[in-house]
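An overview of the molecular structure
So you can see what is in the structure, the chains are spelled out below.
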Amino acid sequence: MRYLFLLYGTSPLPEPGTPEHTAMYADYATAVQTMAEAGVLVSCAPLQPASASTTVRVRDGQTLLTDGPAAELKEQFGGYTLVECADLDEALRWAARMPAASDGMVEVRPVITAGAPT
Amino acid sequence: MTRLVGDLEVAEDAVQEACAAAVAQWPAAGFPASPRAWLVGVARHKALDHLRREAARQAKEVAASAELGPGRADTAAGVADEATDDDQLGLIFMCCHPALSLAAQTALTLRSICGLRTAEIAAAFLVPEPTMAQRLVRAKRKITQAGIAMRMPPAADVPARLAAVLRVIFLVFTEGHMATSGQALVRDELCDRALRLARELTRLLPGQPEVTGLLALILLTDARRSARVGAAGEPVQLADQDRGRWDRAMIDEGRTLVETALAAGAPGPYQLRAAIAACHGDAASADDTDWRQIVALYDELLRYEPTPVVAANRAAAVAMADGPAEGLRLLHDLAADEALASWPPLHVAIAELHRQRGDASAALSAYQAALELGVPEAQRTFIRHRMRGLKS
C-alpha cells in the first residue's frame, strides 16, 4: 500500500544558509536515503512556505486566484514523502523516523490505488 | 471467518452471501449433514473468491496473498482447527491498534473478538445503537483503508502494542465493574468477557508478566463482585463489605498468578494493582489489612503511573496505615491542584476521613462539594445516606 506522509512543522522553518537549515537538510537526507535503500521511498520533496502558495478556483468558467494557502493552519505544511509499505505498521515506523515527527508532526494518509478497497 | 480471511468486511459479506446461498439451495437440495460446516465452507469459499479478485486487481494485497498461500486449500471439516493462536492474536492486536480511537478499539474488540451484538455493546456504553453501529462501521473502514494488518506486531513494537491491548481489556472490565444498577446484566457480561479475554491472552502469551498481572487483577477485583452492591443496588465500600461473600477460589487463583508474575522480576502497573488487590483479598477485615504493604505498592505504582488518581488512592491507604490526619494532609495537598479539585471522588475521600475523625461539619461540606460537582446516581444515594447519618 502507498502512504503519503504530510510533514508539519510547529515553528517557522530555519532560513536557508543558516547552520540550522543545513542540519535540517542533512537530517532529511539521511532519513530519505534510508527509506530509498529499504525500497519503500516513492518520492518526496520539501515545499516553499505557504506564503508562496497561490490558490486556484474555477467558478462559472472564471479562474479566481488567491494569494496564500487553501487553508490557514497553525502548523507549517513543509513537505511530503510518498512511500510504498506492506501495511500501516510499517508506514508508521518510517513516519516516526522523519525529522518532522520529532519537532513537528507527520500525518500518515493512505493513498487510493486503482483496485484497492475504498 | 475473520480469522480465516483476515478482513472483517470481507468476512461479514461472505457470511451473508453464504446465508443467502443456503436460503436458495437448502429447500431444494435438502439440508446438509452439518449446516454450520456447510455455511463456514461456503462463506470461506466466497471470501477467498473475493480476496482472489482483490489480489488480481491489486498486486500488493498482502493480507490476501498470505491467506491464499499453501495449506489453506482444504475442506470445511478442517476449518475449526485452522483458527490458530496466531490468527487469534493477530485479530486482538488488529482490533486494539492504537491508530484507532480507544472507543473504537473497545467496541471492535467486543464485537469481533467477544462476539457481542452491536445492541449489547451500545447498551453497555450507554450510547444509542445507531451511534455504536456507526462507530463500528468507521473502525472497520479505517482498518481496510489504512491497511491495518491482522497480525502480531514485530518484537520491537510489542511492549507498546501490548499495553494498548491490556488497556482495552481493563477498560471493558472497569466499564462492567463500576456499574451498580440499571444495565446490571449487560455489565456483568462485560466483566465476564474481560475475564475470558484476559485468560485467553494469558494462554496465548505465556510468560508476559503484565498479561498475567492483568488476569490476576481482574480475578482479585471480580471476586468481590457480589459483595460490592447492597440490597438496594447501592455501592458498598471495601471496608463495609461482607468478606464472606468474596469468591475465595478467584482470590486464590489471582494471588497465585500475581506471585508468579512478580517473580519474573519485571513489575508493571497491572501486577502492582493486582498485588494491592491481593493484600485486600488476604485480610479478614479493613483493620486487619497490611496497609503499610499497600502504601509501599502504591509508591511503586506511582513510578509507572504518576497520576493524581493513584496519588489519591495512596493517600487513602496512608490514612489507614498512619491515621486519618496524615491521609487528610496528603489529600488536601492534592486538592490544591485545580484539575483535581473538580474530581468528586477526591472530596468523597476527604469527607470519609473527616467522618472517621468525628469532624461532622468538615465531612458534610466535603460531601456537599462532591454532590455539587456531580456524581453518578448510585454514588449520590450513598453520599446522601452518609450525610443523613452525620446530621442525626
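These numbers were taken from a predicted model, which means no experiment stands behind them. (Residues numbered from 1 in each chain as written. Chains lettered and ligands numbered in written order. Predicted model: local features only at pLDDT ≥ 70, side-chain atom pairs only at ≥ 80, totals over all residues.)

With that out of the way, let us pick up the overall build of chain A. Tallying secondary structure elements over chain A gives three helices and six strands in all. When the helices and strands of chain A are listed from N to C terminus, the series reads β-α-β-β-β-β-α-α-β. Counted over contacts in chain A with a minimum sequence separation of 6, partners at least 24 positions apart contribute 73%. (Helix = DSSP H or I, 4+ residues; strand = E, 2+ residues; numbered from the N terminus. Contact = placed C-beta atoms within 7 Å.)

Sheet strands pair by backbone hydrogen bonding; their relative direction is either parallel or antiparallel. Residues and elements named next belong to chain A. The sheet built from four strands is open, its strands ordered β2-β5-β1-β6 with antiparallel pairing. Either end of the sheet is taken by a strand with one partner, and the two such strands are β2 (41-46) and β6 (104-110). Here the average twist between neighbouring strands, direction ignored, is 20 degrees. Sheet topology places β2 next to strand β5 (residues 76-84); five bridges connect them, and they run antiparallel. (Pairing = 2+ DSSP bridges. Axes fitted to C-alpha atoms, helices over the stretch in contact; angles between N-to-C directions.)

Residues and elements named next belong to chain B. One way to put it is that helix α15 (residues 291-304) packs onto helix α16 (residues 308-322) with a least axis distance of 9 Å and a crossing angle of 160 degrees. Judged by the angle between their axes, α15 and α16 are roughly antiparallel. Where α15 crosses over α16, the two elements pack in a sense that is left-handed. Contacts between α15 and α16 pair Trp291, Arg292, Ile294, Val295, Tyr298, Leu301 and Leu302 from the former with Val310, Ala311, Asn313, Arg314, Ala317, Val318, Met320 and Ala321 from the latter. (Parallel < 35°, antiparallel > 145°, perpendicular 65-115°, else oblique. Left-handed = near helix turned anticlockwise from the far one by under 90°.)

This paragraph deals with the packing of α16(B) against helix α17 (residues 324-335) of chain B. If you want to describe how two helices pack, look at the angle between their axes and the distance between the axes. All names here are of chain B. Running from amino to carboxyl end, α16 crosses α17 at an angle of 165 degrees, the nearest separation of the two axes being 6 Å. In terms of orientation, α16 and α17 fall into the roughly antiparallel class. As for the relative orientation of α16 and α17, their crossing is right-handed in sense. When α16 is examined against α17, the residues Pro308, Ala311, Ala312, Ala315, Ala316, Val318, Ala319 and Asp322 are found in contact with a partner set consisting of Pro324, Glu326, Gly327, Leu330, Leu331 and Leu334. In terms of residue class, the contact of α16 with α17 is made up of eleven nonpolar, one polar and two charged. (Nonpolar A, V, L, I, M, F, W, Y, C, P; charged D, E, K, R; others polar.)

Considering every residue of chain B, the mean pLDDT works out to 82; 77% of them sit at 70 or more. Contacts of residues 55-81 of chain B to residues separated by more than four positions or lying in other chains number 36 contacts, the stretch itself having pLDDT below 50. (pLDDT = per-residue confidence, 0-100.)

This part covers helix α19 (residues 344-357) of chain B. Residue and element names in this part refer to chain B. Look at α19: 20 Å from first C-alpha to last across 14 residues, which is about the 20 Å you get at 1.5 Å a residue. Most of α19 sits inside the fold, with ten of its 14 residues counted as buried. Of the residues making up α19, those classed as buried are Leu346, His347, Val348, Ala349, Ile350, Ala351, Glu352, Leu353, His354 and Arg355. Where α19 is buried, its residues touch α16, α17, α18 (338-341), α20 (360-373) and α21 (377-391). One or two steps after α19, the chain reaches Gly358, where phi turns positive at roughly 85 degrees. (Expected span 1.5 Å × (residues − 1). Buried ≥ 20, exposed ≤ 12 C-beta atoms within 10 Å, placed from the backbone.)

Mapped onto the elements, A:Met35 comes out in helix α1 (residues 19-38). Once the C-alpha coordinates of A:Met35 and A:Leu6 are considered, the two residues, 29 residues apart in sequence, prove to be 16 Å apart.

Turning our attention to the pairing of strand β1 (residues 2-9) of chain A. Residue and element names in this part refer to chain A. With eight bridges joining them, β1 and β5 adopt antiparallel strand pairing. Note that in β5 the partner of Arg2 across the bridge is Glu84. Pairing of β1 with β6, which is carried by seven bridges, proceeds in the antiparallel orientation. Residue Tyr3 lies in a different strand from β6, and its bridge partner there is Pro110.

What follows is about unusual backbone geometry. Even without glycine at this site, A:Asp60 takes up a positive phi of about 50 degrees. Summarising the element assignment, A:Asp60 is placed in the loop between β3 (54-59) and β4 (62-67). Of note in the backbone geometry, B:Leu126 takes a positive phi value of approximately 55 degrees without being a glycine. If you trace the backbone, B:Leu126 turns up in the loop between α8 (118-124) and α9 (129-146). In this structure B:Leu126 comes out as exposed when scored by C-beta crowding, with 11 C-beta atoms within 10 Å.

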